[in-house]
Amino acid sequence: MKRISGILLLVLALIMLFLAWKIQGLPPAITAVGFLIIGLNYLNTN
């Protein structure tokens, strides 16, 4: 279950980074970095 959650968070982070780049906004980029950290943490735990 954590693996699926981690993958979904990584996909959502990529979407948020694209959105931040497209609208030149900082809040989606900050959220995306948080999602990346959480998603990678989920994928690296057993």
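You'll find the structure just up there.
Calculation notes
- Residues numbered from 1 in each chain as written.
- Predicted model: local features only at pLDDT ≥ 70, side-chain atom pairs only at ≥ 80, totals over all residues.
- Heavy atoms only, no water.
- Helix = DSSP H or I, 4+ residues; strand = E, 2+ residues; numbered from the N terminus.
- Buried < 20%, exposed > 50% of the residue type's maximum accessible area, 1.4 Å probe, protein only.
- Axes fitted to C-alpha atoms, helices over the stretch in contact; angles between N-to-C directions.
- Parallel < 35°, antiparallel > 145°, perpendicular 65-115°, else oblique.
- Left-handed = near helix turned anticlockwise from the far one by under 90°.
- Nonpolar A, V, L, I, M, F, W, Y, C, P; charged D, E, K, R; others polar.

## With respect to the environment of Arg3
(1) Moving on: Structurally, the position occupied by Arg3 is in helix H1 (residues 2–23).
(2) Moving on: Given the relative accessible area of 58%, Arg3 is considered exposed.

## Some words on unusual backbone geometry
(1) Moving on: For Gln24, which is not glycine, the phi dihedral falls at a positive 55 degrees.
(2) Moving on: Following the sequence through the fold, Gln24 ends up in the loop between H1 and helix H2 (26–44).

## Some words on the environment of Val11
(1) Moving on: Take Val11: it is sitting in helix H1.
(2) Moving on: Its relative accessible area of 43% is what places Val11 among the partly exposed residues.
(3) Moving on: For the pair Val11 and Leu36, spaced 25 residues apart in sequence, the C-alpha separation works out to 8.9 Å.

## Regarding the packing of H1 against H2
(1) Moving on: Two numbers describe how H1 lies on H2: the axes approach to 8 Å, and their chain directions differ by 160 degrees. On the basis of the axis angle, H1 is roughly antiparallel to H2. Here the hand of the crossing between H1 and H2 comes out left-handed.
(2) Moving on: When the residues that make up the contact of H1 with H2 are grouped by side-chain class, the tally is 19 nonpolar, 4 polar and 2 charged.

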